[in-house]
Structure formats: structure tokens, C-alpha cells
Amino acid sequence: MQGNYHAPAVISLHGSLAVSWVALFLVQSLLISRRSTRAHRVLGIVSLLMAVGVAVTMFPAGMYQVGRDVAAGMGETGVSALVGVVTSAVMFLGLVIAGIICRRRPAVHKRLMLLALIVLLWPAWFRFRHYFPGVPRPDIWFAVVLADSLIVISWIWDKWANGRIHPVLLYGGLLIILEHIFEVIAFDSIYWRNVAAWMYQAFQ
Amino acid sequence: MRDINPIPRLSFFSAMGIIGLLAVHVGFAKTFILPECKATTTHRR
């Protein structure tokens, strides 16, 4: 691969853990479709540990990002990004832990894990703006519309395949969409900046 | 009855996992190919 990418080890670690968790989601769904529940349970423990690693490494990765963007002259807007990092970490890990708690209720468990996947993926979707720099408001079109389209697709699948949208998918998905919309509206406001500055100091 | 087709159809969840992996790789590939993109990571507006 071309380019000369340089980043601290924690960024590579965070990225590796996040990609591995997505790959593990695929493996876990394949294992269940093959009825290999024993292997699914064992890998579930690995998945939980990995999810904790993803969430924990989000904080130093976010701090690195803030330091880099502030140095690049973005000022308080650069610090504001830290709030989204924290909300993503909390939502992702919260959904995974809820999924583990509800592991004996497959219908709930798998939908919580699906929502966790969708939350984890939004930075990847947001990066699609680099391919389409002409698109205005990438924070809306890529980070909300494209990223959360997976929630809408999941609703359609649930209704089509199961006759109704499961409440976990419906209300959990709605909460995620509303939180993402709130982030777009409130991002970099004075209140947002205050929270971000407080977080920035707390993590140092 | 013995399952004559041991390879199950691709489930919705597996498909979502594949979409996720593709999104991660395509989304972040740009970071490695064009390192200058990193400077706009948090640029939302």
C-alpha cells in the first residue's frame, strides 16, 4: 500500500482492535448460522475483551487526534471532537455489555450486537468524505445518513424477515440516530466546547 | 433428516459483517494512500 502513514502505536492498536471486532462479528454470525454455539460462546469472551480494548483505546486515540488538530490550527473545534469519541466509546461498549448480559435471549442479543457494530462503523463511513470532497456537510451525509442507513436497512430486514421490527432494534436504533443528529446540531457550540474542554483536561 | 446443504445461506448478520469490513477497509484505505487526509479527520464543518 502506498503512502507514508505515521501514527503512535495506540492508534494502530485501536484500529487493529476495531477491525478485529468487526471481523469477529462476521465470524460469530457465521458460527451461529452453522449452529456452532460452543465456539460462539468462547469467541464471545474474546469479543468482550476486544470491545473493552476498542473502547479504552478510543481515549488516547482521541487525545492524539485532538493534539494533532489543535497543532494544525483548528483550535477549540479540534478539542470539540473529543466529545464524539467519548459518546461513541460509551455507546459501543454499553451495547456490547448489554448484549453479553442478554446472551441467553438470542433475539435481543444479536440485535444489540448489530447496533454495536453500526456504532463502531460510523468513523469508517465518515471517512468516505475523502473520496467525495465535493459533498457539502459530510457530517450529515456520511456520519448520519450513510452511517445510520444500516439501522434503517436493519429495520426493513426485521419487518420483512420476522414480520415486525423488534423493539430493541427499533428503539435502540432510534436512540442512536437521535444521538448522532444531536451531535451534528450541538457540535462545537459553547456548551459542547465546555464539555470538551473539561474532558480534555480530565484525560491529561 | 440429514442436511444435504451443509453450507448455510448468508444470513443478514453475516452480510452486515461483510459490509462492515468493506466499510472499514475502504474508509480507512484513504488514510494510508493519502496521508494528508488525516489533517481533516475532525473537520466537520
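Everything that follows concerns the structure shown earlier in this document.
Residue numbers here run from 1 along each chain, matching the order of that chain's written sequence. The lettering of chains begins at A and the numbering of ligands begins at 1, in the order of writing. Given that this is a predicted model, residues contribute local features only at a pLDDT of at least 70 and side-chain atom pairs are listed and counted only at 80 or more, while totals for whole chains, interfaces and linings are drawn from all residues. Derived side-chain values reflect all non-hydrogen atoms in the structure, with water molecules and hydrogen atoms excluded from consideration.

### Points about the overall build of chain B
Phase 1: Secondary structure elements follow DSSP: runs of H or I no shorter than four residues count as helices, runs of E no shorter than two count as strands, and numbering proceeds from the N terminus. Within chain B, the regular secondary structure consists of 1 helix and 0 strands.
Phase 2: When the 45 residues of chain B are sorted by exposure, 42% land in the buried category.
Phase 3: Using the Shrake-Rupley algorithm and a 1.4 Å probe, accessible areas are obtained, with residue cover drawn only from the displayed protein chains. As displayed, chain B has an accessible area near 2,900 Å², and 70% of this comes from carbon and sulfur atoms. Three labels apply to residues, based on accessible area from a 1.4 Å probe with only protein chains included: buried if under 20% of the type maximum, exposed if over 50%, partly exposed otherwise in between.

### Section: the environment of A:Leu169
Residues and elements named next belong to chain A.
Phase 1: One can find leucine 169 in helix H6 (residues 167-186).
Phase 2: Separated by 34 residues in the primary sequence, leucine 169 and valine 135 have C-alpha atoms spaced 30 Å apart.
Phase 3: Setting aside its immediate chain neighbours within four residues, leucine 169 contacts Arg111, Leu114, Leu115, Ser154, Trp155, Asp158 and Leu174. Throughout, a residue-residue contact means that at least one pair of heavy atoms, one from each residue, lies within 4.5 Å.

### Section: the nonpolar core
Phase 1: If you look at the biggest cluster of nonpolar residues, it comprises 53 residues, and the most contacted ones within it are A:Trp21, A:Phe92 and A:Leu114.
Phase 2: Contributing elements (two or more residues each) for this core: helix H1 (9-33), helix H2 (37-71), helix H3 (76-101), helix H4 (106-126), helix H5 (138-162) and H6 of chain A together with helix H1 (12-33) of chain B.
Phase 3: A total of 15 residues in this core trace back to one element, the largest contributor, which is H4(A).
Phase 4: Discounting chain neighbours no more than four positions away, the residues touching A:Trp21 are A:Ser47, A:Met50, A:Ala51, A:Phe92, A:Val96, A:Met113, A:Ala116, A:Leu117 and A:Leu120.
Phase 5: As used here, the term nonpolar core means buried Ala, Val, Leu, Ile, Met, Phe, Trp, Tyr and Cys residues forming a set that is joined through side-chain atoms within 4.5 Å. Membership of the second largest hydrophobic core comes to 11 residues, among which are A:Met63, A:Val79, A:Val86 and A:Trp192.

### Some words on the environment of A:Asn194
Residue and element names in this part refer to chain A.
Phase 1: Examined against the element boundaries, asparagine 194 turns out to sit in helix H7 (residues 190-203).
Phase 2: Judged by its relative accessible area of 48%, asparagine 194 is partly exposed.
Phase 3: Sequence separation of asparagine 194 and serine 80 is 114 residues, and the distance between their C-alpha atoms is 8.6 Å.

### So, the packing of aromatic side chains
Phase 1: Planes of paired rings set the category: under 30 degrees apart is stacked, over 60 is edge-to-face and the rest tilted, where pairs are Phe, Tyr or Trp rings (Trp by its six-membered ring) whose centres lie within 6.5 Å. Inspection of the entire model under this criterion finds 13 aromatic pairs over all chains.
Phase 2: Between A:Phe182 and A:Trp192 the ring centres are 6.3 Å apart and the planes differ by 50°, which places this aromatic pair in the tilted class. On the criterion of sequence distance, the pair formed by A:Phe182 in helix H6 and A:Trp192 in helix H7 is long-range, its members being 10 residues apart.
Phase 3: Clustering of aromatic rings is evident, with ring pairs tying together A:Trp21, A:Phe25, A:Phe92, A:Trp157, B:Phe12 and B:Phe13.
Phase 4: Lysine and arginine charges are scored as sitting over a ring when NZ or CZ, respectively, is within 6 Å of the ring centre and within 35 degrees of the ring normal. If you follow A:Arg129 out to its NZ or CZ, it ends over the ring of A:Phe126, 3.9 Å from the centre.

### Thoughts on the pattern of salt bridges
Residue and element names in this part refer to chain A.
Phase 1: Here, a salt bridge means any Lys or Arg side-chain nitrogen found within 4 Å of an Asp or Glu carboxyl oxygen. One pass over the structure, following the stated rule, counts 5 salt bridges over all chains.
Phase 2: For aspartate 69, the salt bridge is made with arginine 68, and the minimal N-O distance between the two is 3.0 Å.
Phase 3: Take arginine 68: its relative accessible area is 23%, and that puts it in the partly exposed class.
Phase 4: Between arginine 193 and glutamate 76 there is a salt bridge whose closest N-O contact spans 3.2 Å. Of this pair, arginine 193 sits in helix H7 while glutamate 76 is found in helix H3, placing the two residues 117 residues apart along the sequence.
Phase 5: Connected through salt bridges with shared partners, the residues Glu76, Asp188 and Arg193 form a single ionic network.

### Brief notes about the side chain of A:His40
Residue and element names in this part refer to chain A.
Phase 1: One can find histidine 40 in helix H2.
Phase 2: Taking relative accessible area as the criterion, histidine 40 reaches 16% and is therefore assigned buried.
Phase 3: Discounting residues that sit within four places of it in the chain, histidine 40 has contacts with Gln28, Leu31, Ile32 and His109.

### Here we look at unusual backbone geometry
Both trends apply: most residues other than glycine have a negative phi, and most peptide bonds are in trans.
Residue and element names in this part refer to chain A.
Phase 1: Positive phi, normally seen in glycine, also occurs at arginine 35, with a value near 60°.
Phase 2: Looking at where arginine 35 falls in the secondary structure, it is placed in the loop between H1 and H2.
Phase 3: Here aspartate 188, not a glycine, exhibits a phi torsion of approximately 70°, which is positive.
Phase 4: By secondary structure assignment, the location of aspartate 188 is in the loop between H6 and H7.
Phase 5: Exposure remark for aspartate 188: the relative accessible area of 18% places this residue in the buried category.

### Focus on the packing of H1(A) against H4(A)
Residues and elements named next belong to chain A.
Phase 1: Helix axes are fitted to C-alpha atoms over the stretch in contact, other axes to C-alpha atoms as well, and angles between N-to-C directions run from 0 to 180 degrees. At a closest axis distance of 11 Å, the pairing of H1 and H4 adopts a crossing angle of 145°. Here the hand of the crossing between H1 and H4 comes out left-handed. Across the interface between the two elements, Ala18, Trp21, Val22 and Phe25 of H1 pack against Met113, Leu114, Ala116, Leu117, Leu120 and Leu121 of H4.
Phase 2: Classification used: nonpolar for Ala, Val, Leu, Ile, Met, Phe, Trp, Tyr, Cys and Pro, charged for Asp, Glu, Lys and Arg, polar for all others including Gly. Residue composition of the contact of H1 with H4, by class: 10 nonpolar, no polar and no charged. Handedness of a crossing is defined here by the sense of rotation of the near helix relative to the far one, left-handed for an anticlockwise turn of less than a right angle and right-handed for a clockwise turn.

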